[in-house]
Amino acid sequence: MPAPSFYVTTPIYYVNADPHIGHAYTTIMADILARHRRQRGDDVFFLTGTDEHGAKIARSAEEAGRTPQAHADLLAARFRDLGSLLGASNDFFVRTTDPAHEGRVQQVLERLRASGDIYKGSYGGWYCTACEEFYPESELLDGRRDPVHAIPVEWVEEENWFFRLSAYRDRLLAHYDAHPEFVRPAHRANEARRMIEAGLEDLSISRSQITWGIPVPWDPEQVVYVWVDALFNYWTALGFARPGHDLTSRYWPPNVQVMAKDILRFHGVIWPALLMAAGLELPRGLFVHGYVLKGGERMSKTTGNVVDPFPFIERYGIDALRYYLAREVRFGEDGTFAEETFEARYERELANDLGNLVNRTVAMIERYRDGVVPADPGDDGELAGEVAAAVAGVRRRFDDLELTRAIDEDVWGLVRRLNRLVEERAPWTLAKDPARARELDQVLFSLAEGLRVVAVYLHPYMPESTAKLLAALNAPETAITEYGAHPGGQATEKLPPLFPKPE
Ligand code: MSP
C-alpha cells in the first residue's frame, strides 16, 4: 500500500516587512507536524511561502524606494532564509509573483466565473490596507480604526467583479455540521459559524485602482483581489513545485492548514466557498492558533512590538527557540514571548532536565561499561510499560494537533521519569558492588533506550540536538520505533554539552 499523503501548509507571509517571531511560530509549529508525520512514514508535502501582491506591498515598496518586484524579491529572500535558519523542512516555497502561480490563478478564476457566481458591481466600504480587508462599520474601533492593528481605515469605492458569497451560507453551514473537525480548536469553528450565520456579503474579488496584481483574465483593466490570489497558492503550488510533475492529485486537499486567528474569516468562510465554486475539494482541516504576544499585544510590525528571531538563534541555537515557542505558546492559545521565560526554560528544562540526563547517562556508560550500552537484561519492571503509554499518548496528541501537550506532558513526563530512575537506582552505588552488576546493566540499558525513545519523539521539535543525541547513542534512525527496538550492545560516543551556557 502506498504511504498515506499528508499535506500541511502555513499562510503565505506578506513581504511588506522583515519576518518576526510571530511568523517563526507558525512555521515552526507546522514544521513540527510535518516532521512527525514523516517519522510515521507518511508521504508529506509541507508548503510555505510569501504573499507579494496588493496595495500593502506596493506601498511598502514605494516607501522603501524600490519597485514592488525588487522589494518582494528582497523580502521573500529574508523569509526564505529565516525558514532555513529555523530548520523548516518545507518541500517548496511558493511566491505569488511566480508566473506559474499567476497563470494558475487565472485558470482558477475562469473556473469561478463558470460557476455563474461572478458578476460586476460597485462597492464602497471602509478598507484596511494592513489587513487588505473591508470592514463593516460595526466592527471598527471608535468607528474609524481596524480591529486587528487599530490603525485608521480608508473609504474605498470602485466598480469591481464580485463573488456571490452570500449564496454559500447554507452550503457552508452544512459543511461545518458534517465535518466537526473542519476548524480546530472547536471554539474557532463556532466563531466561524457565527460569522456565516450573521449573514455574508458578496465579496469584491478584483481591484481597479491598483496595478500590482494578477490581471483578471477577461478584464485586464482589473487585478485579482490579493486575498483571492493568495488563498489559491495552496492549490497552485502543487502544479509547479516539481517541474514536469503535477502533484495536485497526489496531495490535494490539504490535511492541515495552520494559521493564527487573525485570518480565520478568510480561511474558514471565504476559502471554502471559493473552493466550492471552483469545484475543488475542501481542506480536511484548519488549525487556528493564538497570538505570540509581546507586552500584552499581538506581535506585529504595524503595532511596532516585534522581536527579531535572529539574535536568539545566534545565542541559543535554533532548537532552543523551537522548543521554547512550542512549549510556552500553547498551540491554540495566546502566549507571551519574554526573554526571562526563555532563559529560565533554557536553563531549567533544556540544560538541566534533559542536558544533564544525557551527560550523566553517556558518562556512566563510559565509566562503568567501557562505553558500551549493556544488553537488555529484561527486568526493567514497569518502565517499558510507562514508556509505551507515553508514546501512545504522543501519537494521539499529534492526531488531535495538541502539539504543546505532546511535549509538555508526554515527552517531558518521560524525561522526568528517567531522571527519577537515576535518583532512585543510584547507579554509582550499584557500581561499587560487583554482585549488583545485573542491576546496573538494567539501569544503564533503560536510560540509554529511554533516552533514545525520548530523542525520537523530540526530534520534530529539536531536530539538531536530537540528531546529535541519537548519533551518540549509535542509533541514528529517527523513524518511530518502540522502546526495546534497540536491544543494547552498541558503543556510545562522547558528545559535547547539548545546551551549553550561552556566552
Ligand atoms: N498574507 C496573509 C496570509 C495569506 S494566506 C493565503 C497574511 N500574512 S501575514 O504576514 O500577516 O501573516 C499572518 C500570519 O502570520 C498569521 O496568521 C500567523 O500565522 C502568523 N503570525 C504573524 N504574527 C503573529 C503573531 N504575533 N502571533 C502568531 N502568529 C503570527 O496574513
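Nothing here was measured: the structure is a model prediction, and the numbers come from that model.

Rules used throughout
Residues numbered from 1 in each chain as written. Predicted model: local features only at pLDDT ≥ 70, side-chain atom pairs only at ≥ 80, totals over all residues. Heavy atoms only, no water. Buried < 20%, exposed > 50% of the residue type's maximum accessible area, 1.4 Å probe, protein only. Helix = DSSP H or I, 4+ residues; strand = E, 2+ residues; numbered from the N terminus. Pairing = 2+ DSSP bridges. Right-handed = clockwise from strand over helix to strand, strands pointing away. Contact = heavy atoms within 4.5 Å. Axes fitted to C-alpha atoms, helices over the stretch in contact; angles between N-to-C directions. Domains from an automatic or database assignment. Buried area = accessible area lost by both parts, 1.4 Å probe. Salt bridge = Lys/Arg side-chain N within 4 Å of Asp/Glu carboxyl O. Disulfide = S-S within 2.5 Å. Expected span 1.5 Å × (residues − 1). Arc of directions from axis to C-beta. Polar contact = N/O pair within 3.5 Å; in protein donor to acceptor, adjacent residues only side chain to side chain. Phe/Tyr/Trp six-rings, centres within 6.5 Å; stacked < 30°, edge-to-face > 60°. Lys NZ or Arg CZ within 6 Å of the ring centre and 35° of its normal.

(A) Quick look at the pairing of strand 1 (residues 5–14). Burial analysis of strand 1 places 9 of its 10 residues in the buried class, the great majority of the element. Here strand 1 runs beside strand 2 (residues 43–51); their pairing, made up of 8 bridges, is parallel. Note on strand 2: the bridge partner recorded for V8 is F46. Viewed along the sheet, the connection from strand 1 through helix 1 (residues 21–39) into strand 2 turns out right-handed.

(B) Highlighting the sheet that holds strand 6 (residues 154–163). Taking strand neighbours across the sheet as the criterion, the 4 strands line up as 5-4-6-8 in an open arrangement whose pairing is antiparallel. Strands with a single pairing partner mark the edges of an open sheet, and in this sheet they are strand 5 (133–135) and strand 8 (203–204). Both strand 4 (residues 118–128) and strand 6 contribute to a ladder of 10 bridges, which runs antiparallel. Across the sheet, Y119 pairs through a bridge with F162, a residue of strand 6. The strands that helix 10 (residues 264–278) touches are strand 5, strand 6 and strand 8; relative to strand 6, the one it contacts most, it runs at about 30°.

(C) Structural detail: the domain arrangement of the protein. Under the domain assignment, the protein is made up of domain 1 (5–316) and domain 2 (339–472). Once you take the C-alpha centre of each, domain 1 and domain 2 turn out to be 41 Å apart. Between domain 1 and domain 2, the contact holds 13 residues from the first and 16 residues from the second. Regarding the contact of domain 1 and domain 2, the summed buried area is about 1600 Å², with carbon and sulfur atoms giving 66% of it. Looking only at domain 1, the three residues that lose the most surface to domain 2 are I32, R40 and Y316, adding up to 35% of its buried area. Here domain 1 and domain 2 share 2 salt bridges between them. Among the salt bridges present, the one from D399 reaches R37, with a minimum N-O distance of 3.6 Å.

(D) Up close: the state of the cysteines. The final tally for this structure, using the stated rule, is 0 disulfides. The thiol sulfur of C128 is not disulfide-bonded, and the nearest other cysteine sulfur, from C131, lies at 3.5 Å. Owing to a relative accessible area of 8%, C131 belongs among the buried residues under this scheme.

(E) Inspection of the sheet that holds strand 16 (residues 335–336) at higher detail. Strand order in the open sheet formed by 3 strands is 15-14-16, with mixed pairing between adjacent strands. The outermost strands of the open sheet, each flanked by one partner alone, are strand 15 (297–298) and strand 16.

(F) How the structure looks around helix 4 (residues 99–114). With 16 residues, helix 4 should reach 22 Å at 1.5 Å per residue; the first-to-last C-alpha distance of 23 Å fits that figure. Those residues of helix 4 that sit buried are H101, R104, V105, V108, L109 and L112. Looking down the long axis of helix 4, one finds its buried residues gathered within 150° of arc, a one-sided arrangement. In helix 4, the exposed residues that point more than 90 degrees away from the buried face are P99 and A114. One side-chain oxygen of the residue at the start of helix 4 lies 2.8 Å from the amide nitrogen of A100, identifying that residue as D98. Just downstream of helix 4, G116 is the residue with a positive phi angle, here 85°.

(G) The packing of aromatic side chains, seen in detail. Under the criterion given, the structure shown has 30 aromatic pairs. With 6.3 Å between their ring centres and 90° between their planes, W252 and W271 make a pair best called edge-to-face. A residue pair is termed long-range when its members are at least 10 positions apart, and W252 in the loop between helix 9 (248–251) and strand 12 (256–260) and W271 in helix 10 qualify at 19 residues. Centre to centre, the rings of Y323 and W412 are 5.3 Å apart; their planes meet at 50°, and the pair counts as tilted. Residue Y323 is found in helix 12 (residues 318–328), and its partner W412 is found in helix 15 (residues 403–425); the two are separated by 89 residues along the sequence. Given the relative accessible area of 1%, Y323 is considered buried. For W412, a relative accessible area of 0% puts it in the buried group. An aromatic cluster is present here, built from Y7, F45, F232, Y234, Y251, W252 and W271 joined pairwise through their rings. Residue placement shows R171 over the ring face of Y168; its charged tip is 4.0 Å from the ring centre.

(H) Region of interest: the environment of L444. By secondary structure assignment, the location of L444 is in helix 17 (residues 437–458). Contacts of L444, omitting those with residues within four sequence positions, involve M364, I365, Y368, R369 and P374.

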